[in-house]
Amino acid sequence: MKNRKLLMIPGPIEFTPEVMRAMAMPTTSHVAPAFVECMGEAIERTREVFLSPGGQPFIVAGSGTMAMDMAACNVIEPGDTALVVNTGYFSDRFGVILERYGARVTHVKTPAIGDAPSLDEVEAEIKKGDYKVLTVTHVDTSTAVLTDIKGLAGLCRKYGILSIVDGVCSVAGEELRQGEWGVDIVLTACQKAVGVPPGLALLVASPKAIEVFKNRRTPVGSYYSDWANWLPIMESYENRKAAYFGTQAVNLVWALNVSLEQILAEGMDTRFARHRLMSKAFKAAMTALGLKQIPVSEGKAANTLSAPYFPEGITGSVLPLIAQAGVILAGGLHAEIREKYFRVGHMGVVSASDILATVGAIEAGLAKAGYKFEHGEGLAAAQAVLLQ
Ligand SMILES: *Cc1c(COP(=O)(O)O)cnc(C)c1O
């Protein structure tokens, strides 16, 4: 019997065998010619995956939070104003990070959990203040709420505000066109839809973001994340010359380069469409089983993850039963409703069979927990979407 469970959480996710093989290659020097070529390619491919032809990629050892830290510390100076379009847990975190670097932070949020502020609400707030920076979480990992990045980036351009998108749960899964939409900074971590074991922070900055950084009056408050240290390194590797500031996470970069190649081979549009289909199939299954979901409408629901409420009479103790049936899911994260829901990541290499296996395991867990439903109804609903 296979002693292997399917990992369907919002990161780390399932990785391809090719990515895992790259992790196991003999580690080279970070200045070895083969690694320089790999790092150079990874930088170029990052630009393509972010759909940001004019952007400057940064690939640095660290988690997604480090990428948020890098974005904030390089463009924020003490006294700057920042508007956080707040949809939950990671928006709160961005507010704290911005404040740590001296920003005066205002949050715009809706009272309802599962909702996101409308463009009109955000614009009304923008008109009240004189904001330098706006941050927004593309997919809120605590609620599976999706925000309108195209619309918000448009507002930022209209009012001359620097836009920063936390794309940790979205980049390479959710449609996000940094160049075309004019987003100034997009950041992610490699363990989510990018499909590499945890450890790399990825960030792409627009020419305007780099200009804002270069025109700073005060030094960057973080030594490790300072673009003054990393920009020459990224430029050098892209020109296929070795450079040192901090040792690159060599094997992770090997793995990243493989994953980026696989992502681009699929094609970004095909990949976005596949994520939409997998999400639709999974969400249809939850609805068929009688489970409500946190996002208030389809338009505000992410395609990289789902956040269903437990049905009446069922608690988090169903998650170990689902795990026994072979699929690992995540519990709640949003403080106010933590015990009432669970989270299912369906991003990266997720396939139709992963969705069916996950729905099957959820049905098995619910049945064992005593929930009354028509067995197979979730599977049938998912299959109906997948067969369309
Ligand atoms: C996971 C996540 C983060 C944090 O990333 P870490 O790698 O855990 O530091 C930040 N923002 C969002 C939207 C996330 O999903």
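Residues numbered from 1 in each chain as written. Predicted model: local features only at pLDDT ≥ 70, side-chain atom pairs only at ≥ 80, totals over all residues. Heavy atoms only, no water.

For the rest of this paragraph, the subject is the packing of aromatic side chains. Applying the stated criterion to the full structure yields 10 aromatic pairs. Taking 5.5 Å as the distance between ring centres and 70° as the angle between the ring planes, the aromatic pair formed by Phe213 and Trp227 counts as edge-to-face. With Phe213 in helix α8 (residues 207-214) and Trp227 in helix α9 (residues 227-238), the pair connects residues that are 14 residues apart, well separated along the chain. Across the pair, exposure class does not vary: Phe213 and Trp227 are buried alike. (Phe/Tyr/Trp six-rings, centres within 6.5 Å; stacked < 30°, edge-to-face > 60°. Helix = DSSP H or I, 4+ residues; strand = E, 2+ residues; numbered from the N terminus. Buried < 20%, exposed > 50% of the residue type's maximum accessible area, 1.4 Å probe, protein only.)

Structurally, the protein comprises domain 1 (6-11 + 267-386) and domain 2 (17-266). Between the C-alpha centres of domain 1 and domain 2 there is a distance of 28 Å. Contacts between the two partners involve 31 residues from domain 1 and, on the opposite side, 32 residues from domain 2. Both faces considered, domain 1 and domain 2 share a buried interface measuring about 2600 Å² in area, 59% of it formed by carbon and sulfur atoms. Counting the surface domain 1 buries against domain 2, the share from its top three residues, Met268, Phe272 and Lys300, is 23%. For the interface between domain 1 and domain 2, the tally reads five salt bridges. A salt bridge links Asp115 to Lys300; its shortest N-O distance comes to 2.8 Å. Linking domain 1 with domain 2 are 19 residue pairs in polar contact (both at pLDDT 80 or more), by the criterion used here. Within the residue set of the side of domain 1 that touches domain 2, elements represented by two or more residues are α11 (268-288) and β11 (305-306). Top element by residues in the side of domain 1 that touches domain 2 is α11. It accounts for eight residues. (Domains from an automatic or database assignment. Contact = heavy atoms within 4.5 Å. Buried area = accessible area lost by both parts, 1.4 Å probe. Salt bridge = Lys/Arg side-chain N within 4 Å of Asp/Glu carboxyl O. Polar contact = N/O pair within 3.5 Å; in protein donor to acceptor, adjacent residues only side chain to side chain.)

What follows deals with the site of the ligand. In the vicinity of the ligand there are 14 residues, among which Ser63, Thr65, Thr141, Asp166 and Lys192 approach most closely. Between Gly64 and the ligand, the recorded distance is 2.7 Å, taken from a backbone N or O atom to an oxygen atom. In this structure, Lys192 approaches the ligand through a side-chain N or O atom, which is 2.6 Å from an oxygen atom. Protein chains bury 89% of the 380 Å² of accessible surface belonging to the ligand in isolation. Considering every element that reaches the shell around the ligand, the biggest residue donor is helix α3 (residues 64-75), with three residues. Considered class by class, the residues forming the shell around the ligand number six nonpolar, six polar and two charged. (Near = heavy atom within 4 Å. Areas by Shrake-Rupley, 256 points an atom, 1.4 Å probe, with all protein chains shown as cover. Nonpolar A, V, L, I, M, F, W, Y, C, P; charged D, E, K, R; others polar.)

Let us now look at the pattern of salt bridges. Within this structure, the stated rule accounts for 17 salt bridges. Glu261 is the partner of Arg45 in a salt bridge, and the nearest nitrogen-oxygen pair spans 3.9 Å. Here Arg45 is found in helix α2 (residues 33-49), whereas its partner Glu261 is found in helix α10 (residues 250-266), with 216 residues between them in sequence. Since its relative accessible area comes to 16%, Arg45 is described here as buried. Glu261 gets classed as partly exposed once you look at its relative accessible area, which sits at 45%. One salt bridge in this structure joins Arg177 and Glu175, with 2.7 Å as the shortest N-O distance. A residue is classified by how much of its surface remains accessible, and Arg177, at 17% relative accessible area, is buried. A residue is classified by how much of its surface remains accessible, and Glu175, at 29% relative accessible area, is partly exposed.

This brings us to the nonpolar core. Soluble globular proteins tend to pack their nonpolar side chains together in the buried interior. Counting 106 residues, the largest nonpolar core has Phe58 and Trp227 as its most contacted members. Of the domains in this structure, domain 1 (6-11 + 267-386) and domain 2 (17-266) are the two that each give at least three residues to this core. With residues up to four places along the chain from it excluded, the contact list for Phe58 reads Met70, Ala201, Leu202, Leu203, Ala205, Ile210, Trp227, Trp230, Leu231 and Met234. With 29 residues, the next largest nonpolar core counts Phe282, Ile322, Ala361 and Ile362 among its residues. (Core = buried A, V, L, I, M, F, W, Y, C linked by side-chain atoms within 4.5 Å.)

Turning our eyes to something else, we now look at the packing of α2 against α10. Direction vectors running N to C along α2 and α10 enclose 45°, while the axes themselves pass 9 Å from each other. If you check the angle between α2 and α10, you find them oblique. In the crossing of α2 with α10, the sense of the turn from one axis to the other is left-handed. Of α10, the residues touching α2 (which contributes Ala34, Phe35, Cys38, Met39, Glu41, Ala42, Arg45, Thr46, Glu48 and Val49) are Val250, Val253, Trp254, Leu256, Asn257, Leu260, Glu261, Ile263 and Leu264. Looking at the contact of α2 with α10 residue by residue, the class counts come to 13 nonpolar, two polar and four charged. (Axes fitted to C-alpha atoms, helices over the stretch in contact; angles between N-to-C directions. Parallel < 35°, antiparallel > 145°, perpendicular 65-115°, else oblique. Left-handed = near helix turned anticlockwise from the far one by under 90°.)

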